[in-house]
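What the coordinates show
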Amino acid sequence: MLFELIAAVVTGVALAGVAMLLRWMSRGLLPKWIVPAMAGLGMLSYSIWSEYSWFDRMNIALPGIAVSWKNEQTAFWRPWSYIEPVTTRFIALDVRGAKRHPNQPGLVMVDVLLVSRWQPVTPVKVVYDCQNAQRADLITPDINIADDGSLQGAEWSKVAPDDAALKIACSAG
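Presented here is an overview of the structure given in this document. (Residues numbered from 1 in each chain as written. Predicted model: local features only at pLDDT ≥ 70, side-chain atom pairs only at ≥ 80, totals over all residues. Heavy atoms only, no water.)

1. A short note on the pattern of salt bridges
Any two side chains of opposite charge can pair, on the condition that their charged atoms come close. Evaluated as defined, the whole model comprises five salt bridges. Its salt-bridge partner being Lys125, residue Asp111 comes within 3.0 Å of it at the nearest N-O pair. Taken together, the residues Asp111 in strand β3 (residues 104-116) and Lys125 in strand β4 (residues 122-129) connect sequence positions 14 residues apart. (Salt bridge = Lys/Arg side-chain N within 4 Å of Asp/Glu carboxyl O. Helix = DSSP H or I, 4+ residues; strand = E, 2+ residues; numbered from the N terminus.)

Have a look at this one:
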């Protein structure tokens, strides 16, 4: 967030400098208010660009992921978001790291990445049962994987058969 603030200020200073150069070239014919107006316009434009390009930049920065859900948000302090909502967080699966046990091919273990703007990426290990449309989050240390590939101590949660994360996980690995 600090780097985005610095970038916005630098953009504003750069556009203020361009406005000052234009005033100098026009020998003062342009009004004085154009300098702070250009600075403000530059900072606002950079902020809008940064908000709308964040999702695409994160997808490029995290290769090998498949997005299963994204949160698009509108807010009154961002009136432009009513035209096109801004993506502020998403859930993705690391399909490159998907693993299947040879004795349990219907189970797939993947890292589910919880990604939110201005927050560190949080990985969560999840096992999907492709045949029974359920998942188990591997967040407690008392879950063990037996030699036959079954999960002991896991708490299974039902998911919809058309769930995007389930489809992505089951097609990976």
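This is not the end of the story, as more comes after the structure.
2. Focus on helix α3 (residues 164-171)
Of the positions making up α3, those classed as buried are Ala165, Leu166, Ile168 and Ala169. In an axial view of α3, the angular spread of the buried residues amounts to 165°, which keeps them on one side of the axis. Tucked inside the fold, the buried residues of α3 contact β1 (65-73), β2 (86-101), β3 and β4. (Buried < 20%, exposed > 50% of the residue type's maximum accessible area, 1.4 Å probe, protein only. Arc of directions from axis to C-beta. Contact = heavy atoms within 4.5 Å.)

3. Brief notes about the nonpolar core
Membership of the largest hydrophobic core comes to 15 residues, with the highest contact counts inside it found for Leu93, Val110, Val112 and Tyr128. Of all elements in the fold, only β2, β3, β4 and α3 reach the threshold of two or more residues within this core. With nine residues, the next largest nonpolar core counts Met58, Phe90, Leu113 and Val115 among its residues. (Core = buried A, V, L, I, M, F, W, Y, C linked by side-chain atoms within 4.5 Å.)

4. Digging into the sheet that holds strand β5 (residues 134-137)
Read from one edge to the other, the open sheet built from six strands follows the order β1-β2-β3-β4-β5-β8, with strand pairing classed as antiparallel. A single partner strand is all that each edge strand has here, and the edge strands are β1 and β8 (156-158). When the angles between neighbouring strand axes are averaged without regard to direction, this sheet yields 30°. Here β4 pairs with β5 via four bridges, running antiparallel. Along β5, the bridge assignment pairs Val127 with Ala136. Those strands touched by helix α2 (residues 34-61) are β1, β2 and β3, and its axis lies near 10° from that of β2. The strands touched by α3 within the sheet are β1, β2, β3 and β4, with β2 carrying the most contacts at an inclination of about 35°. (Pairing = 2+ DSSP bridges. Axes fitted to C-alpha atoms, helices over the stretch in contact; angles between N-to-C directions.)

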